[in-house]
Amino acid sequence: MADKRTSDEIRASIDQTREQLGTSLVKLRDEVTELTDWRAQVRRNSERLTVAAAAAGFLLAGGLGGAGSALFGRRKKRR
């Protein structure tokens, strides 16, 4: 059986839903702004990023050194 509501009750429900939607949209906008702010992300994770950059530099330098050694070989020591 359908719930019988007056037009005033329906209007009040629509107004309440509209207010909730407006609040939800403001919260969503704030969250999206926070998540897409890369500067804030860097500030919050600066230690992790520093460690990751150091590790990447170490691996890159080792990778280049290893490739150079493979391409050019080791130099023989003179006696």
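Novice: Kindly report on the overall build of the protein chain, identifying the contributing residues and their values.
Specialist: The secondary structure content of the protein chain amounts to 3 helices and 0 strands. Reading the secondary structure of the protein chain in the N-to-C direction produces α-α-α. Per-residue burial for the protein chain yields a buried fraction of 1% across its 79 residues. For the protein chain, the accessible area works out to roughly 8,000 Å², and carbon and sulfur atoms hold 59% of it.

Novice: Explain the confidence of the model for the protein chain to me, using residue names and the numbers behind them.
Specialist: Within the protein chain, residue pLDDT values average 87, and 90% of them lie at 70 or more. Looking across the protein chain, the model is least confident in helix α3 (residues 46-72), with a mean pLDDT of 84, and most confident in helix α1 (residues 7-35), with 96.

Novice: I'd love a proper account of a nonpolar patch on the surface, names of residues and values included.
Specialist: Together, Leu 21, Leu 25, Leu 28 and Val 32 make up an exposed nonpolar region whose accessible area comes to about 370 Å². In this structure, Leu 28 sits in helix α1. Overall, the relative accessible area of 46% leaves Leu 28 in the partly exposed class.

Novice: Describe the pattern of salt bridges, listing the residues and the values that go with them.
Specialist: Per the counting criterion, the structure on display carries 3 salt bridges. The residue Asp 8 makes a salt bridge to Arg 11 at a minimum N-O spacing of 3.7 Å. In this pair, Asp 8 and Arg 11 are both assigned in helix α1, 3 residues apart and thus about one turn of the helix distant. The same class applies to Asp 8 as to Arg 11, namely exposed. Here Asp 15 makes a salt bridge to Arg 18, at a shortest N to O gap of 3.2 Å. Remark: Arg 18 and Asp 15 occur in helix α1; sequence separation between them is 3 residues, near one turn of the helix. For Asp 15, a relative accessible area of 38% gives the class partly exposed.

Definitions and cut-offs
- Residues numbered from 1 in each chain as written.
- Predicted model: local features only at pLDDT ≥ 70, side-chain atom pairs only at ≥ 80, totals over all residues.
- Heavy atoms only, no water.
- Helix = DSSP H or I, 4+ residues; strand = E, 2+ residues; numbered from the N terminus.
- Buried < 20%, exposed > 50% of the residue type's maximum accessible area, 1.4 Å probe, protein only.
- Areas by Shrake-Rupley, 256 points an atom, 1.4 Å probe, with all protein chains shown as cover.
- pLDDT = per-residue confidence, 0-100.
- Patch = residues over 30% accessible without salt bridge, like charges linked within 9 Å, V, L, I, M, F, W, Y side chains within 5 Å.
- Salt bridge = Lys/Arg side-chain N within 4 Å of Asp/Glu carboxyl O.

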